[in-house]
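What follows is each chain in one-letter form.
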Amino acid sequence: VTQPLRPVEAMLSPTARPALTQCAPVLTSLAPRRALGRRRASASQNRGVAAGAGAGLAVAFIPQLTARRKELRQRRERCTLLARGGEADSVHSGFNSAVGGRLRVKQILEAADGGKSMIGQKVTVCGWVRTVRAQKSLAFLKINDGSTVQELQVVVLADAKGFEDVKAQGTGASVRVEGQVVESPAKGQVVEISCSSAEHSVQVLGTVESKEYPLAKKKHTIEYMREIAHLRPRSNLIGAVSRVRNTLAMSTHQFFQDRGFLYVHTPIITTADCEGAGEMFRISQEKGESEKKDQNEEFFGRPAYLTVSGQLQVENFCCGLGDVYTFGPTFRAENSSTTRHLAEFWMIEPEMAFANLEDDMDCAEAYIRYCVSQVLEKCKSDVDFFNLRVDKEIKERLELIASKDFARMSYTEAVEVLQKHIEQGDVKFEFEVAWGKELQTEHEKFLTDHVCKGPLIVYNYPKECKAFYMRLNEDGKTVAAMDLLCPGIGELVGGSQREERIEVLDERIEGLGLPKEDYWWYRDLRRFGSVPHAGFGVGFERLVMLATGVQNIRDVIPFPRYPGHAQF
């Protein structure tokens, strides 16, 4: 080990040090330059250059040395993370001291060369056993650690430590494997792990009774998987969905943060109905025997509910801080058991100050395209899995969304287009298409899948179809609202320019029979320095459905809540 590696090596456990050797060329190449810098600085001092042009040269050289030291330190840190099992470009990773450090399966199998550059290295991996095929002096394991949908094959010979222990285990056991990366003769992956000598080991971390393990190696129905929601993250489907969900969540924050939006936490408990639909969970306090005499007393002084949206509250911050967004859980007491509804779900709701409907549509389109692009870039193996196992067209559809400008048409135009296709006998719908009626899912899917053959934004809806806070257009019949529709999913985004005129807002509230006093603070925004502003809401689970091709919303959220089900 060369001198630049010694400080880093000292930080690692003996089992993690071998992985650091792949960083040696990088660090060694820096050492001569740093030594040359010291010699030049020393020579300047010996010549007595303390003033004039000589002093200027010496001062100019100091920042170069400082930058070089910083670069060296950063590279050392990255190499340390790599040796401990973190991503090479990660800031905080590799907290695996309980097992002496480890590489993630993804770092091996999803490397640019499929792991070829690691052949010959001794590595440590940990994970859960998917399959075991044991013979008298040989065992084949396939393990997965959740970092990728792919499984890493491990070949264990009788000479390796723990051979007999692992032979006795089956699907579901957790193991720590220390072996050598070798070229794999098997089809499907470039490399595998070989545990072929006494220097190699397989340690069983957690045993399993194979006959009792609910996730035996066979195909399970998604309905059965929901009954074992505590174990279904180990399945290929839910594992892949979870990684895509994580990428979409991080992409959401990245998109808005990069554009100067502030992240605002809006309350879960509210006294106002944002949608005006009345389908809200009411909050009540459980009281002891001594408090039952005050049973009619409200904890918050008035009826309170779980929020259906954070929009009204985030508008408060928009009208003081500019562009903002909220991203959190919302609830709806809709007694529906369809594949598109949940009682608890997550919403992304940005609000933009000094913005109109055009800005709203532009932002929504840019956001969806950005999220889809990130999934295609960062979840390649998961997208390939969905394309093979879930939806044969998902990859092509995502590439279309990421690359093609979204079509736009007014609600009136959309109704005319649908009616024309009905008259021509091209399609029959279950629900009537008529101006003034809401577009149903079947109408939306026909527009995206057959008319536009891609995403579509429909705008300027009849006021009767939309919420009270949407800005009334000059025609008095429509509001400045928009819905973003995507192939295979239908409505994904709903938004509008908000009504900033107090008198018009009051008329809308009264017309819907809502108690105006409940919205006094929302109305104040129109009384004190009102500004044009706009925003939209994205059902996060529907976004995950779009990115994965999964058709049931209960399978894209970790623990689904719907009528009759709130376990786990």
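Scroll up to find the structure this text is about.
To keep things clear, this report deals only with the structure shown in the data block.

Calculation rules
- Residues numbered from 1 in each chain as written.
- Predicted model: local features only at pLDDT ≥ 70, side-chain atom pairs only at ≥ 80, totals over all residues.
- Heavy atoms only, no water.
- Pairing = 2+ DSSP bridges.
- Helix = DSSP H or I, 4+ residues; strand = E, 2+ residues; numbered from the N terminus.
- Contact = heavy atoms within 4.5 Å.
- Axes fitted to C-alpha atoms, helices over the stretch in contact; angles between N-to-C directions.
- Buried < 20%, exposed > 50% of the residue type's maximum accessible area, 1.4 Å probe, protein only.
- Lys, Arg positive; Asp, Glu negative; His and termini not counted.
- Salt bridge = Lys/Arg side-chain N within 4 Å of Asp/Glu carboxyl O.
- Core = buried A, V, L, I, M, F, W, Y, C linked by side-chain atoms within 4.5 Å.

Here's the deal with the sheet that holds strand 12 (residues 407–410)
Spatial ordering of the open sheet is given by 7-10-11-16-15-14-13-12, a layout of eight strands whose pairing is mixed. Two strands bound the open sheet, and with one partner strand each, they are strand 7 (262–263) and strand 12. Across the face of the sheet, helix 8 (residues 311–321) comes into contact with strand 7, strand 10 (324–331), strand 11 (344–353) and strand 16 (533–539) while running at roughly 25 degrees to strand 11.

Some thoughts on the side chain of Arg-542
Relative to the elements of secondary structure, Arg-542 occurs in helix 16 (residues 540–548). Although buried, Arg-542 forms no salt bridge, and the nearest oppositely charged side chain, Glu-491, lies 4.9 Å from it. Discounting chain neighbours no more than four positions away, the residues touching Arg-542 are Arg-340, Ile-489, Glu-491 and Leu-492.

Let's talk about the nonpolar core
Ranked by internal contacts, the top residues of the largest apolar core, which has 56 residues, are Tyr-367, Ile-368, Phe-536 and Leu-543. A total of 10 residues in this core trace back to one element, the largest contributor, which is helix 9 (residues 357–378).

Observations regarding helix 15 (residues 520–527)
Residues three or four positions apart in an α-helix share a direction because the helix packs 3.6 residues into each turn. Every buried residue of helix 15 is accounted for by Tyr-522, Arg-523, Asp-524, Leu-525 and Arg-526. Looking at the buried positions of helix 15, the neighbouring elements they touch are helix 8, helix 14 (502–511) and strand 16. Trailing helix 15 by a residue or two, Gly-529 shows a phi angle of about 70 degrees, which is positive.

Describing unusual backbone geometry
Even without being a glycine, Phe-354 presents a positive backbone phi close to 60 degrees. Tracing the sequence through the fold places Phe-354 in the loop between strand 11 and helix 9. Given the relative accessible area of 65%, Phe-354 is considered exposed.

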